[in-house]
Amino acid sequence: MFPPDFAWGAATSAYQIEGGWQADGKGPSIWDTFCHEKGRVFGEHDGDVACNSYELWEKDLECIQQLGLTHYRLSVSWARLLPDGTTRHVNLKGVQYYNKVIDDLLACNVTPMITLYHFDLPQALQDQGGWKSPDIVTLFDSYARFCFQTFGDRVKLWLTINEPYVCAKFGHEDGIHAPGLKEPGITAYLVGHNMLRAHAMAWHSYNSTYRPKQKGAVSLAINSDWLEPLNPDCDEDVAATERARAFGLGWFTWPVFVTGDYPEIMRSAIDAQSKKMGYGGGSRLPSFLKDEPAILGTADFFALNYYTSRKVKAGGGCEQMLCIKSDQDAKEVLDPSWPICGVSWQAVVPNGLRNLLKYIKDTFNNPAVYITENGFSQVGPLQIEDVQRCGCYKDTIMEMAKAIEEDGVDVRGYFAWSLLDNFEWADGFRVRFGLFHVDLSNGKRPRTIYRSGQEYTKIIMKYKH
Ligand code: FCB
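As the structure is a computational prediction, the values presented were derived from the model and not from experiment. (Residues numbered from 1 in each chain as written. Predicted model: local features only at pLDDT ≥ 70, side-chain atom pairs only at ≥ 80, totals over all residues. Heavy atoms only, no water.)

A. Molecular detail of the overall build of the protein. Summing up its helical and strand segments, the protein has 15 helices and 13 strands in all. Against the 2.2 N^0.38 benchmark of 23 Å for 465 residues, the protein shows a C-alpha radius of gyration of 21 Å, consistent with a compact globule. By its C-alpha atoms, the protein is 55 × 50 × 50 Å across when sized along the principal axes. Expressed as a percentage of the 465 residues in the protein, the buried residues total 61%. Partitioning the intrachain contacts of the protein with sequence separation of at least 6 by distance along the chain shows that 76% fall at a separation of at least 24. Summed over all atoms, the accessible surface of the protein reaches about 17,400 Å², with 52% contributed by carbon and sulfur. Each charge class in the protein can be summarised by its mean position, and for the 47 positive and 57 negative side chains these summaries are 2 Å apart. (Helix = DSSP H or I, 4+ residues; strand = E, 2+ residues; numbered from the N terminus. Rg over C-alpha atoms; globule rule 2.2 N^0.38 Å. Buried < 20%, exposed > 50% of the residue type's maximum accessible area, 1.4 Å probe, protein only. Contact = heavy atoms within 4.5 Å. Areas by Shrake-Rupley, 256 points an atom, 1.4 Å probe, with all protein chains shown as cover. Lys, Arg positive; Asp, Glu negative; His and termini not counted. Charge placed at Lys NZ, Arg CZ, Asp CG, Glu CD.)

See the structure below:
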């Protein structure tokens, strides 16, 4: 049912699990700053210690082995490796830490997949404009080269940027993620643009300098819900769905996989809205320049983070403002018949993954796909016997199997989010996504497997070759 070398993984990210926010010369990141400001994060939680994976990596490795994973996706912290964000100063303790993680994984026959940027920009670079500044493109490229050079002899699966959509919108327009900017208008589009340029430049660096010897693969992780019209017989809902797909999945995939530029539907919707609201400047969506490294073709596989599905109807929110949602002019809602898992935004829609995979196959010319994140939230009283989540994993993985067998989608691997209960961004530790529970009231941060962790292991054992 699954190809012989199928990747069975779990994922984490540095800020969400490591702690050690000031340990051994690490520089501060925008998430350190953001969490230390009052009122930013649920319950004033922060990742200062989190799961303390910086000190307890061996415990994580035990969890990985207990699950029987073939792959582990982690992110490296830019500010732990390069405290001021530049290669002028390398923090050797940070290098040592990740070297040990990588070597231990390989010694246990677990393949690492590394994300270079999972939301945690060095604060020093934010102070120079962060993702809004065009300087970030070469700064990111230098950081990426440093990582390829340092770890690429052993790491063959790379993701440059995790969820540029979330960074751009949540971090720079809604202000609910670090760096906490609330700048509707053009900022999110500018940030997204620089992220694409940074990704592409790093991919080209890998391709020309490192790939010949290291022979790995590089992509970027795209988050997307599966979207379908609320009323498939209503032309407005169908058109709204097309727009919502363009702004969601399309924003970062058209440039990389389809045309080298943003979806036409997206640009015309933005331009129409700008005109309607009397905006005097040019297009609020930047253009790629002819003489910069090509964006098209800068991904060796398709990396998808899937959590839920939505129905789409015409008409957006925030009518008085120029922002992504008003440009998109389409509203995404949950179907009341879908069960909710934990947080209110997450309906459980296993066949949404199958539909999305089929759509990706048809739209992007049958790429190799890794599901780099999929998981189920838990809130409220701790439930180690998380029967609902067992079913969610089982059903979703079976839908993925159908996508492979019946629809011919080239899925190469699946990473559960997450190995551990961890710092869930603006939701702090309120929302738990782990296959292992982490007891934060105990200084030793003991890890306890959930029933869903055991269920996942059963699935892996059944299908692993
Ligand atoms: C994704 C993030 C990941 C985690 C999950 C629940 O958007 O990439 O870090 O927070 O959502």
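B. Molecular detail of the UniProt feature "active site" (unreviewed entry) in the protein. Under the UniProt annotation, "active site" (unreviewed entry) lies at E373. Among the secondary structure elements, E373 is positioned in strand β10 (residues 369-374). The class of E373 is buried, set by a relative accessible area of 4%. Excluding residues that lie within four positions of it along the chain, E373 makes contacts with R73, H118, N162, E163, L304, N305, Y306, Y307, F415 and W417. (UniProt positions renumbered as here; feature names shortened; annotations may be inferred.)

C. Seen up close, the sheet that holds strand β4 (residues 157-162). With parallel pairing, eight strands are arranged side by side around a closed barrel as β1-β2-β3-β4-β5-β7-β10-β11. In this sheet, neighbouring strand axes are inclined to one another by 25 degrees on average, regardless of whether the strands run parallel or antiparallel. Relative to strand β2 (residues 71-75), strand β1 (residues 7-11) runs parallel, the two being bridged by three bridges. Across the sheet, A10 pairs through a bridge with Y72, a residue of β2. Sheet contacts for helix α14 (residues 387-405): β1, β10 and β11 (411-417); angle to β11, the most-contacted strand, approximately 165 degrees. Where helix α15 (residues 451-463) meets the sheet, its contacts fall on β1 and β11, and the angle it forms with β1 comes to roughly 160 degrees. (Pairing = 2+ DSSP bridges. Axes fitted to C-alpha atoms, helices over the stretch in contact; angles between N-to-C directions.)

D. Broad picture of the packing of aromatic side chains. Scanning all chains against the criterion turns up 44 aromatic pairs. Taking the centre distance of 5.2 Å and the plane angle of 70 degrees together, the rings of F2 and Y463 count as edge-to-face. Taken as a pair, F2 in the segment before β1 and Y463 in helix α15 lie far apart in primary sequence, 461 residues in all. Neither residue differs from the other here; F2 and Y463 are each classed as buried. Taking 6.0 Å as the distance between ring centres and 75 degrees as the angle between the ring planes, the aromatic pair formed by W31 and F423 counts as edge-to-face. Taken together, the positions of W31 in helix α2 (residues 30-36) and F423 in the loop between β11 and β12 (436-438) put the pair 392 residues apart, joining distant regions of the chain. Each member of the pair, W31 as well as F423, carries the same accessibility label: buried. A network of ring pairs unites the aromatic residues F2, F6, W8, F376, Y393, Y414, Y456 and Y463 as a single cluster. Over the aromatic face of Y450 sits the side chain of R389, whose NZ or CZ is 4.5 Å from the ring centroid. The ring of F42 carries the charged tip of R430 above its face, separated from the ring centre by 5.4 Å. (Phe/Tyr/Trp six-rings, centres within 6.5 Å; stacked < 30°, edge-to-face > 60°. Lys NZ or Arg CZ within 6 Å of the ring centre and 35° of its normal.)

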